[in-house]
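Coordinate analysis (summary)
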Amino acid sequence: MIERRSTVRQFLVVLGSVAPLTAATGQTPVEFAVIADVSSCLAVRARPQSSAPSIACLTSGTRVKAVGSAPYWRNVQLEDGRTGWAAKKFLEMVAAPPATPGVGDRDDAWLEIHVVDVGQGDGIWIHTFDDNIPGNGRYEGYNIIVDGGPNRYLPDNKLLLYVLNQAYTRAPIDALIITHPHVDHFPGALGIMDSLEVREFYDSGYPKSGTRWSSFLARVGRETYKGQSTVRHIGRSALGQPEWGSELEVRILYAYTGRTSGFGTQANTRENNASIVFRIRYGTQSILFMGDAEGKDREDAPDLAQYAERFLLDSVGAGQIRSTVLKIGHHGSETSSTLPFIAAVDPDFVVVSSGRENFNGTYLPDASTLARYCDRKPATLIYRTDQDDEAEGRTEKTDADGDHIVISTNGKETRIQGHSAGSPITPTTCVP
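Below: a short report on this structure. Starting afresh in each chain, residues are numbered from 1 along the sequence in its written order. Per-residue local features are limited, in this predicted model, to residues with pLDDT of at least 70; the limit for side-chain atom pairs, both in listing and counting, is 80 or more; totals at the level of whole chains, interfaces and linings are taken over all residues. The side-chain values count all of the structure's non-hydrogen atoms but skip hydrogen atoms and water molecules.

This paragraph deals with the overall build of the protein. What the protein contains, in helices and strands, is nine helices and 26 strands. Computed over C-alpha atoms, the radius of gyration of the protein comes to 21 Å, within 12% of the 22 Å expected from 2.2 N^0.38 for 432 residues, which places it in the range of a compact globule. Dimensions of the protein, computed from the C-alpha atoms along their principal axes, are close to 70 × 45 × 45 Å. Throughout this description, buried means an accessible area under 20% of the type-specific maximum (1.4 Å probe, protein chains only), exposed means over 50%, and partly exposed covers the range between. The buried share of the protein, taken over its 432 residues, is 58%. By definition, residues are in contact when any of their heavy atoms lie within 4.5 Å. Partitioning the contacts of the protein with sequence separation of at least 6, the portion at a separation of at least 24 is 71%. Method for areas: the Shrake-Rupley scheme with a 1.4 Å probe, in which residue coverage is limited to the protein chains shown. By element, 49% of the accessible surface of the protein is carried by carbon and sulfur atoms, the whole surface being about 16500 Å². Helix and strand labels come from DSSP, where a helix needs a run of H or I of at least four residues and a strand needs a run of E of at least two; each type is numbered from the N terminus. As defined in this context, the radius of gyration uses C-alpha atoms, and a globule is described by 2.2 Å times the residue total to the power 0.38.

This is the structure:
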């Protein structure tokens, strides 16, 4: 299948307080009631944020009409005609849902992907569109975390801080994916579990040694969701294909194969190449998430694909990895993005999650890696979470400065907003 590519190159989002990217309104009203076990009353807030002022407080059983949605919140209409925002977690649908348009029939159904600036590391929050009709199997407003960055505790846990600015304590995370057990990917997920509730957990099953990773898995084993143990998918055979709404096709394309031969001689390389790689397809648009998966050793030429990239090319095929947006592997290291892989994916947009950590004189991403994308297709636009960090004199301690990347697609077009120190920017040329 040939996917139509978007020509839209920018999208406005307010990030000073991390306001909702897509607060969908104007939907057919659906009736909800405040659940029975709400502690005293449910606050209705002026904005979809727990820090916003309360304009009303609803007791258990109070009915309201939901007329819109944002991540973690429903836009509700009160009896006096005022509207505000109430936490989804404390509302249950009481009226039969009306008929809804089929997938692809509405232009306002935006899938959001927030690549958060966590410094050196990965931290991603995915939010699917919510049509205010829970249980119909599509547009369910799911929240997915991919990796967590290097820091567990606030304020250094930038992913948790970002999510909590739009959510609230003990809000649900439908899936937590740890692509591989490197310390710039999993420690922040401990903070996610400390503050939120995780329904399902995904781990490639790589046999990482050491107490830090084993302690992390033990913490996952104690996690609960609505009083039940979190469902754990550990190992390639247990990963399956996630169901995040029938409007999306989510495919796990690769994970730790259970063998080390052919995936590098160094332990670090093998661990990178144990990464979970998955792709989301929504209508004509698609996003490929590479974790830290690699295609070669640093000193090798980029002409020949090896390791995880070779597996994807041989076992999955170019047609199933071609994507509108590529979240680049291994923070844009020279060990990623071989020429055959780039040709197969052929992205319009490249997203890099990196910081200012000094790797023996090397900082990621490597300019040589990004140049391969620009050389192949000069129209490619590259977005980075280390935007302007070098020019600003950022260090490993100060690099998580708000260079967030927000990807939004309604299945027909893709819009991306980059940031530098919290201020919106729009790349206009492909810059290695």
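Okay, back to it.
Between Lys or Arg on one side and Asp or Glu on the other, a salt bridge is scored when a side-chain nitrogen of the former is within 4 Å of a carboxyl oxygen of the latter. Counting across every chain of the model gives 26 salt bridges. D130 is the partner of R74 in a salt bridge, and the nearest nitrogen-oxygen pair spans 3.0 Å. Residue R74 is located in strand 5 (residues 73–77), and its partner D130 is located in the loop between strand 9 (124–127) and strand 10 (143–146); the two are separated by 56 residues in the primary sequence. Across the pair, exposure class does not vary: R74 and D130 are buried alike. The partner of R376 in a salt bridge is D346, with the nearest N and O atoms 3.8 Å apart. With R376 in helix 9 (residues 367–376) and D346 in the loop between helix 8 (339–345) and strand 22 (349–352), this residue pair connects regions lying 30 residues apart in the sequence. Under the relative-accessibility criterion, R376 is labelled partly exposed at 45%. Each of R322, D346, D348, R376 and K377 takes part in salt bridges that share partners, so that together they form one network.

Looking only at helix 9, the buried set comprises T369, L370, A371, R372, Y373 and C374. Contacts made by the buried residues of helix 9 are with strand 21 (325–327), helix 8, strand 22 and strand 23 (381–384).

A separate point is the sheet that holds strand 26 (residues 423–425). As summarised here, the arrangement of the nine strands in space is 17-14-12-10-9-8-24-25-26, forming an open sheet in which the pairing is mixed. Each edge of the open sheet carries a strand with a single partner, namely strand 17 (231–234) and strand 26. Ignoring which end each strand starts from, the neighbouring axes of this sheet average 20° apart. Of the pairings in the sheet, the one linking strand 10 to strand 12 (residues 175–178) comprises three bridges and is parallel in character. Counterpart to I145 in the pairing with strand 12 is L176. Running over the sheet, helix 3 (residues 211–222) touches strand 12, strand 14 (200–203) and strand 17 and is turned about 155° from strand 14. Note: two strands are recorded as paired if DSSP finds a minimum of 2 bridges between them. Simply put, an axis is a line fit to the C-alpha atoms, just over the touching stretch for a helix, and the angle between two N-to-C directions goes from 0 to 180 degrees.

The next point concerns the environment of S333. Tracing the sequence through the fold places S333 in the loop between strand 21 and helix 8. The class of S333 is buried, set by a relative accessible area of 3%. Considering only alpha carbons, one finds S333 and V67, 266 residues apart in sequence, at a separation of 45 Å. Setting aside its immediate chain neighbours within four residues, S333 contacts R298, L364, D366 and T369.

Turning to the state of the cysteines, a few remarks are in order. Covalently bonding the sulfur atom of one cysteine to the sulfur atom of another cysteine gives a disulfide. For the purposes of this analysis, a disulfide is any pair of cysteine sulfur atoms at a distance within 2.5 Å. Evaluation of the coordinates by the stated rule reveals two disulfides. One disulfide in the model links C41 with C57; its S-S distance is 1.9 Å. Here the S-S torsion is close to 85°, and the disulfide linking C41 with C57 is therefore right-handed. Taken as a pair, C41 in the loop between strand 1 (24–34) and strand 2 (42–45) and C57 in strand 3 (residues 54–58) lie far apart in primary sequence, 16 residues in all. Here C41 falls in the partly exposed class, since its relative accessible area comes to 26%. Classification of C57 by relative accessible area gives partly exposed; the value is 41%.

This paragraph deals with empty space enclosed by the protein. Only protein atoms enter the 1 Å grid used here. Points where a 1.4 Å probe fits but cannot escape make up a cavity, open sets with protein on both sides within 12 Å along at least five of seven lines make up a pocket, and a residue lines them when an atom lies within 4 Å of a point. Grid points are joined across faces, edges and corners, and a volume is the space filled by probe spheres set on the points. Tallied over the full model, the rule gives two cavities of 30 Å³ or more. By volume, the largest cavity is sized at about 50 Å³. Forming the walls of the largest cavity are Y206, Y254, Y256, T257, R259, T260, F263, R270, N273 and A274. Reported here for the second largest cavity is a volume of approximately 40 Å³. Lining the second largest cavity, in full, are I342, D346, P347, Y373, R376, K377 and T380. Here the lining of the second largest cavity is composed, by residue class, of three nonpolar, one polar and three charged. Residue polarity is assigned by list, with Asp, Glu, Lys and Arg as charged and Ala, Val, Leu, Ile, Met, Phe, Trp, Tyr, Cys and Pro as nonpolar; anything else, Gly included, falls into the polar class.

The subject of this paragraph is unusual backbone geometry. In this model, L154 is joined to P155 through a cis peptide bond whose omega is 5°. With respect to the helices, strands and loops of the structure, P155 is situated in the loop between strand 10 and helix 1 (158–164). Here the phi dihedral of K226 falls at roughly 50°; this positive angle occurs in a residue that is not glycine. For K226, the position within the fold is in the loop between strand 15 (224–225) and strand 16 (228–229).

Moving on to the packing of aromatic side chains. Working definition: a ring pair exists when centres of Phe, Tyr or Trp rings (six-membered ring for Trp) sit within 6.5 Å. Plane angles under 30 degrees give stacked, over 60 give edge-to-face, the rest tilted. If you walk through the whole model with that rule in mind, you get 16 aromatic pairs. When the ring centre of Y139 is taken as origin, the NZ or CZ atom of R106, which lies over that ring, is 5.7 Å away. Our definition puts a charge over a ring when NZ of Lys or CZ of Arg is within 6 Å of the ring centre and also within 35 degrees of the ring normal. Sitting over the ring of Y363, R356 keeps its end group 3.8 Å from the ring centre.

To continue, consider helix 6 (residues 307–316). Of all the residues in helix 6, the buried ones are Y307, A308, E309, F311, L312 and L313. Buried residues along helix 6 sit against helix 4 (236–239), strand 18 (249–254), helix 5 (267–272), strand 19 (277–282), helix 7 (318–321) and helix 8. Looking one or two places after helix 6, you find G317, whose phi comes out positive at around 100°.

Turning our eyes to something else, we now look at the layout of surface pockets. Estimates place the volume of the largest pocket at around 930 Å³. When residues of the lining of the largest pocket are assigned to their parent elements, the largest contribution, three residues, is made by helix 5. Of the residues assigned to the lining of the largest pocket, the class counts are eight nonpolar, 17 polar and 14 charged. Its volume calculated, the second largest pocket comes out at about 610 Å³. In this structure, the second largest pocket is lined by 25 residues; those nearest its centre are K88, K89, P172, Y225 and K226. Per-class residue counts for the lining of the second largest pocket are eleven nonpolar, three polar and eleven charged.

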